Amino acid sequence: MTQSVTIEPGTPEALPAILKIEEACFSAPWTRKMLETELTGNQFAHFLLAKSVGQGGTGSAAIIGYLCFWIVFEEVRLMNLAVVESMRRRGIASALVTEALQAGLAQSATRALLEVRASNQAAQSLYAGLGFHHVSTRPKYYTNPLEDAVLMELAPILSGPRSASRAIDVNGGQVRPL
Ligand SMILES: CC(C)(COP(=O)(O)OP(=O)(O)OC[C@H]1O[C@@H](n2cnc3c(N)ncnc32)[C@H](O)[C@@H]1OP(=O)(O)O)[C@@H](O)C(=O)NCCC(=O)NCCS
């Protein structure tokens, strides 16, 4: 069946689905309480959801990925990003990050920052492909397992083409703007 992915702002109703993805994707996942705080009690926090929908938009949309990011004055801070395993390598994380950068630009942000586990080569490749570079290492930043964080930065945030998000066709592993 033809499948497409849309990217939409996250709302508190999505908490159970986000928590499920979080617990499946991380060794030290955010808790329900942490997610709730970000979704409802942090004025700087934003969520984007990747949803998979069948052809013609029929049927219910499954949440298959999410990004939490903060926009704090001139800075976009990517806080947490995950895509369900069965939907990886289709450009969904790239689309989520690109959309967040566009949102930051729209609010006059000039740079973007994130921390990533030193062993997480997949995520580092993703961010490098989007123009982020390695700034420094934060020793023993993560627990479970204990591990250094790599700090990556994109500065300035460049206004590229509108992201592949909003509506992306993920069939055949290719992301094509619709
Ligand atoms: C990291 C993660 C979000 C990537 O999601 P994704 O939707 O598969 O990423 P994309 O399809 O947008 O990948 C874009 C590029 O990133 C790089 N990349 C992504 N996954 C990769 C992998 N497993 N190995 C090597 N490079 C990878 C590639 O350059 C890829 O482009 P390509 O597919 O054309 O080669 C996903 O693997 C995930 O959820 N991992 C577990 C949670 C996590 O580590 N989150 C990041 C925390 S900082």
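Above: the structure in question.
Residues numbered from 1 in each chain as written. Predicted model: local features only at pLDDT ≥ 70, side-chain atom pairs only at ≥ 80, totals over all residues. Heavy atoms only, no water.

A.B. asks: Whenever I open this one, the packing of helix H1 (residues 15-25) against helix H2 (residues 32-40) confuses me. Can you help?
C.D. replies: In helix packing, the relevant descriptors are the interaxial angle and the interaxial distance, both defined with respect to the helix axes. For the pair H1 and H2, the least separation of the axes is 10 Å and the interaxial angle reads 130 degrees. Here H2 runs oblique to H1, going by the angle between their axes. In the packing of H1 onto H2, the handedness of the crossing is right-handed. Packed against H1, whose contacting residues are Leu15, Ile18 and Leu19, the element H2 presents Arg32, Leu35, Glu36 and Leu39 at the interface. Class assignment for the residues of the contact of H1 with H2 results in 5 nonpolar, no polar and 2 charged. (Axes fitted to C-alpha atoms, helices over the stretch in contact; angles between N-to-C directions. Helix = DSSP H or I, 4+ residues; strand = E, 2+ residues; numbered from the N terminus. Parallel < 35°, antiparallel > 145°, perpendicular 65-115°, else oblique. Left-handed = near helix turned anticlockwise from the far one by under 90°. Contact = heavy atoms within 4.5 Å. Nonpolar A, V, L, I, M, F, W, Y, C, P; charged D, E, K, R; others polar.)

A.B. asks: Would you mind showing me how to read the environment of Met152 here?
C.D. replies: Residue placement: Met152 occurs in strand E7 (residues 147-154). For Met152, a relative accessible area of 4% corresponds to the buried category. Linking Met152 and Gly131, residues 21 residues apart in sequence, is a C-alpha distance of 9.6 Å. (Buried < 20%, exposed > 50% of the residue type's maximum accessible area, 1.4 Å probe, protein only.)

A.B. asks: Explanation requested: the packing of aromatic side chains in the structure shown.
C.D. replies: For any pair of aromatic rings, the description rests on two quantities: the centre-to-centre distance and the angle between the ring planes. Applying the stated criterion across every chain, the model contains 4 aromatic pairs. Between Phe44 and Phe73, the aromatic rings sit 6.4 Å apart at their centres with planes inclined by 50 degrees, giving tilted as the arrangement. In this pair, Phe44 is assigned in the loop between H2 and strand E2 (45-54) and Phe73 in the loop between strand E3 (62-72) and strand E4 (75-83), connecting sequence segments 29 residues apart. (Phe/Tyr/Trp six-rings, centres within 6.5 Å; stacked < 30°, edge-to-face > 60°.)

A.B. asks: How do you make sense of the environment of Met79 when you look at a structure like this?
C.D. replies: Residue placement: Met79 occurs in strand E4. In the structure, Met79 is positioned 12 residues away from Leu67 in sequence and 7.5 Å away in space, judged by C-alpha atoms. Beyond its immediate chain neighbours, meaning those up to four positions away, Met79 contacts Trp30, Cys68, Phe69 and Trp70.

A.B. asks: Whenever I open this one, the layout of surface pockets confuses me. Can you help?
C.D. replies: A water-sized probe, rolled over the atoms, reveals where empty space remains. Approximately 1,200 Å³ is the volume found for the largest pocket. In this structure, the largest pocket is lined by 37 residues; those nearest its centre are Phe26, Leu81, Asn120, Ala123 and Tyr127. Listing elements by their share of the lining of the largest pocket, those giving two or more residues are H1, E4, helix H3 (92-106), strand E5 (111-117), helix H4 (121-129) and strand E6 (133-142). A per-element tally of the lining of the largest pocket places E4 first, with 7 residues. Its residues assigned to classes, the lining of the largest pocket shows 22 nonpolar, 8 polar and 7 charged. (1 Å grid on protein atoms, 1.4 Å probe; cavity = no way out; pocket = protein on both sides within 12 Å on 5 of 7 lines; lining within 4 Å. Points joined across faces, edges and corners; volume = space filled by probe spheres on them.)

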